[in-house]
Each structure stands twice: as structure tokens, then as C-alpha cells.
Amino acid sequence: IDFDLILENVKDLNVLAGEGISQIEHTPGGARLGQPEPLPLTLYQNGIVMFSGPFRPYEDPSTQQCLQDIMDGYFPSELQMRYPDGV
């Protein structure tokens, strides 16, 4: 696992997702400026934790696919169900 590549690509993906850019959020009484919700990803020596979910060892195929997507420069495909309209 190339951790340097993962960190570099996560930074690039954060920019694509609108890091640091305010968005208009419509409220019942009008609108307000808000920041996109962060997606927590913690890298450990032997696995990852995404969101507040369970620990996922690197040997797990779904973890390998998630990290491969990031190393290829894409948002993890497993997020498509959670973000059907995109990140």
C-alpha cells in the first residue's frame, strides 16, 4: 500500500469535493452558507476506519478495493450508495 500516494490523492479528492468552499444550504426560512460534511478516514498500520464504522483490516477485499480506488485517483466506489448524486 502506497500511503504517500493515498495521502496525495485524498488531498486532491478533497479539493474536488469542495473543501474550503461554502455552499448554499436551503432552510425552511431561507438559506445559509455551509461547508460540505467531512468524510472521516483514519489510516492505521494494519487497517482503516471510515466514518465511525468498524475497523477494516487491509487484508479485507473491500478495504483493498476502497484503497485501490483512492490510489487510482477516484472516490471509493462503495460511497456511491451513500452519495448517489456525487460527493
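Residues numbered from 1 in each chain as written. Predicted model: local features only at pLDDT ≥ 70, side-chain atom pairs only at ≥ 80, totals over all residues. Heavy atoms only, no water.

An unreviewed UniProt entry annotates the protein as UBX domain-containing protein 11 originating from Rynchops niger. The UniProt entry for the protein carries the following text under Subcellular location (unreviewed entry): "Cytoplasm, Cytoskeleton". (UniProt positions renumbered as here; feature names shortened; annotations may be inferred.)

We now examine the packing of aromatic side chains. Applying the stated criterion across every chain yields a total of two aromatic pairs. Ring geometry for phenylalanine 3 and tyrosine 58: centres 6.0 Å apart, planes at 65°, overall edge-to-face. Of this pair, phenylalanine 3 sits in helix 1 (residues 3–16) while tyrosine 58 is found in the loop between strand 5 (56–57) and helix 2 (61–71), placing the two residues 55 residues apart along the sequence. Consider the rings of tyrosine 44 and phenylalanine 55, whose centres lie 6.1 Å apart with planes at 55°: the pair is tilted. On the criterion of sequence distance, the pair formed by tyrosine 44 in the loop between strand 3 (41–43) and strand 4 (47–50) and phenylalanine 55 in the loop between strand 4 and strand 5 is long-range, its members being eleven residues apart. Stacked on the ring of phenylalanine 51, the Lys or Arg arginine 82 has its end atom at 3.7 Å from the ring centre. (Phe/Tyr/Trp six-rings, centres within 6.5 Å; stacked < 30°, edge-to-face > 60°. Helix = DSSP H or I, 4+ residues; strand = E, 2+ residues; numbered from the N terminus. Lys NZ or Arg CZ within 6 Å of the ring centre and 35° of its normal.)

This brings us to the pairing of strand 4. One face of the sheet, then the other: side chains in a regular strand alternate in exactly this way. Taking every second residue as pointing to the same face, both faces of strand 4 are buried, with Gly47 and Val49 on one and Ile48 and Met50 on the other. Bridging between strand 3 and strand 4 involves three bridges; their strand directions are antiparallel. Note on strand 4: the bridge partner recorded for leucine 43 is isoleucine 48. The loop that links strand 3 with its antiparallel partner strand 4 comprises three residues. Relative to strand 5, strand 4 is paired through two bridges, and the arrangement is antiparallel. Its bridge partner being in strand 5, isoleucine 48 is matched across the sheet by arginine 56. Taking the residues that link successive antiparallel strands as the turn, the strand 4-strand 5 hairpin has five residues, and the phi of phenylalanine 51 there is positive, at about 60°. (Buried < 20%, exposed > 50% of the residue type's maximum accessible area, 1.4 Å probe, protein only. Pairing = 2+ DSSP bridges.)

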